[in-house]
Amino acid sequence: MSEPKYYRLKVVEEYTDKGTGEVKERWNDVGVAFPMTKSGGFRIKLPLLGKDILMLPPKDGEEAPEIDGEEG
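Residues numbered from 1 in each chain as written. Predicted model: local features only at pLDDT ≥ 70, side-chain atom pairs only at ≥ 80, totals over all residues. Heavy atoms only, no water.

Asks: In this structure, what is going on with the sheet that holds strand E4 (residues 51-55)? I would like to understand it.
Replies: Working definition: the strands of a sheet are paired by backbone hydrogen bonds and lie parallel or antiparallel to each other. The strand order E1-E2-E3-E4 describes an open sheet built from four strands, whose pairing is antiparallel. Edge positions in the open sheet fall to strand E1 (7-16) and E4, since each of these has one partner strand only. Strand-to-strand twist in this sheet, taken as the mean axis angle between neighbours without regard to direction, amounts to 30°. Direction of pairing for E1 relative to strand E2 (residues 23-35): antiparallel, over a ladder of 10 bridges. Looking at E2, one finds that Thr16 is bridged to Val23. (Pairing = 2+ DSSP bridges. Helix = DSSP H or I, 4+ residues; strand = E, 2+ residues; numbered from the N terminus. Axes fitted to C-alpha atoms, helices over the stretch in contact; angles between N-to-C directions.)

Listed below in structure tokens is the structure:
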């Protein structure tokens with residue numbers, strides 16, 4: 001199977017169903033990620049922020065950074 005040309009990016013949002021009062025989740029589209037063939041990373045487009053982000057694989061021996069006090 002060949003690699004997809006792009007990936008859809010989604011975030012989960014909690015909401016309360018007005019009819020039942022039950023807390024539920026829904027997934028919302030927030031952007032797309034395009035694989036970069038030369039670097040092995042991704043170009044991420046987030047229209048709501050008006051930003052393009054590059055996600056590159058770690059360099060050899062590179063440690064994952066801590067994010068919000070959690071280990072990656």
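Asks: When you look at the side chain of Asp17 in this model, what are you seeing that I'm missing?
Replies: As for its position among the elements, Asp17 is in the loop between E1 and E2. Of note is the side chain of Asp17, whose polar atom sits 3.0 Å from the backbone nitrogen of Thr20. Within the structure, the side chain of Asp17 is placed 3.2 Å from the side chain of Lys24, a separation counted as a polar contact. If we ignore the near neighbours within four places in the chain, the residues touching Asp17 are Glu22 and Lys24. (Polar contact = N/O pair within 3.5 Å; in protein donor to acceptor, adjacent residues only side chain to side chain. Contact = heavy atoms within 4.5 Å.)

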